[in-house]
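# Observations on the three-dimensional arrangement
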Amino acid sequence: MAREVDRDDLEVTPDHVLVLKNAGPKGGPGMPEWGMLPIPKKLLKAGVRDMVRISDGRMSGTSYGACILHVAPESFVGGPLAFVHTGDPIEIDVAARRIHLAVGEGELDRRRAAWKPPPPRYPRGYGAMFSAHIGQADEGCDFDFLAGKGQIPEPEIH
């Protein structure tokens, strides 16, 4: 990502939407703080300080900007970002809480049919166990074998 975003010949304008895939619970794995995608260097040089960025990852609370994160299900398991291609128009309506990939249904069907899950990042050990049992961001990234075991109370605030 860093290599691509810093290319002087990157075809990007401030009106583009940057999309980072495979940064979710399984794809990261573990939802690393990759969601704060950097502004492309050529746009920074032109004075651009923010643009829309979308990811199935997360970012630090000290980061800033127009970022839509924790997209679920994540692209690594065939979630909606898996089917975004370079140049696709993405419409965002914040008031309606809506993100729309403006690609015809036939094209999306073709992309879904052609999609293959990426190979597991870890063939064995804790990484393999983690990936096999971790839930999605909208479910709290909990292990499936722990789900439904009761609520954990909110901590006391002092």
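Not measured: the values here are computed from a predicted model.

### Focus: the overall build of the protein
From N to C terminus, the protein includes 4 helices and 5 strands. By its C-alpha atoms, the protein is 50 × 50 × 35 Å across when sized along the principal axes. In the protein, which comprises 158 residues, the proportion classed as buried is 31%. Contacts in the protein between residues far apart in sequence, at least 24 positions, make up 55% of those at least 6 positions apart. For the protein, the computed accessible surface area is about 10400 Å², with 55% contributed by carbon and sulfur atoms. Across the protein, the 19 positively charged side chains and the 22 negatively charged ones have centroids separated by 6 Å.

### Let's talk about helix H4 (residues 125-133)
Within H4 the residues assigned to the buried category are Gly127, Phe130 and Ser131. Taken down its axis, H4 places every buried residue within 95° of arc, on the same side. Facing away from the buried surface of H4 by more than 90 degrees, the exposed residues are Tyr126 and Ala132.

### Digging into a nonpolar patch on the surface
A contiguous nonpolar surface patch, about 400 Å² in accessible area, is contributed by Tyr126, Met129, Phe145 and Leu146. Topologically, Leu146 is positioned in the segment after H4.

### Focus: the packing of aromatic side chains
The tally for this structure, following the rule as stated, stands at 4 aromatic pairs. Cluster of aromatic residues (ring-pair linked, three or more members): Tyr126, Phe130, Phe143 and Phe145. A cation over a ring is seen here: Arg112 above Phe83, with NZ or CZ 5.8 Å from the ring centre.

### Details of the pattern of salt bridges
This structure, assessed with the given rule, holds 10 salt bridges. Arg112 is the salt-bridge partner of Asp109, the closest N and O atoms lying 3.0 Å from each other. With a gap of 3 residues between them, Asp109 and Arg112 both fall in helix H3 (residues 105-114), about one helical turn apart. In this structure, a network of salt bridges that share partners links the residues Asp88, Glu107, Arg110 and Arg111.

### Quick word on the sheet that holds strand E2 (residues 53-55)
In spatial order, the strands read E1-E2-E3; together these 3 strands make up an open sheet with parallel pairing. The open sheet is flanked by strand E1 (18-20) and strand E3 (67-68), the only strands paired with a single partner. Pairing geometry for E2 and E3, over 2 bridges, is parallel. Opposite Arg53, over in E3, you have Cys67 as the bridge partner.

### Concerning the environment of Phe143
Within the secondary structure, Phe143 sits in the segment after H4. Through-space distance from the C-alpha of Phe143 to that of Asp6 is 37 Å; in sequence the pair is 137 residues apart. Not counting residues within four places of it along the chain, the set of residues in contact with Phe143 comprises Tyr126, Phe130, His133 and Ile134.

### A few points about the confidence of the model for the protein
Residue-level pLDDT values for the protein average 92, and 100% of them are 70 or greater. Averaged over each element, pLDDT in the protein is lowest for helix H1 (residues 2-5) (86) and highest for H3 (97).

Conventions adopted
Residues numbered from 1 in each chain as written. Predicted model: local features only at pLDDT ≥ 70, side-chain atom pairs only at ≥ 80, totals over all residues. Heavy atoms only, no water. Helix = DSSP H or I, 4+ residues; strand = E, 2+ residues; numbered from the N terminus. Buried < 20%, exposed > 50% of the residue type's maximum accessible area, 1.4 Å probe, protein only. Contact = heavy atoms within 4.5 Å. Areas by Shrake-Rupley, 256 points an atom, 1.4 Å probe, with all protein chains shown as cover. Lys, Arg positive; Asp, Glu negative; His and termini not counted. Charge placed at Lys NZ, Arg CZ, Asp CG, Glu CD. Arc of directions from axis to C-beta. Patch = residues over 30% accessible without salt bridge, like charges linked within 9 Å, V, L, I, M, F, W, Y side chains within 5 Å. Salt bridge = Lys/Arg side-chain N within 4 Å of Asp/Glu carboxyl O. Phe/Tyr/Trp six-rings, centres within 6.5 Å; stacked < 30°, edge-to-face > 60°. Lys NZ or Arg CZ within 6 Å of the ring centre and 35° of its normal. Pairing = 2+ DSSP bridges. pLDDT = per-residue confidence, 0-100.

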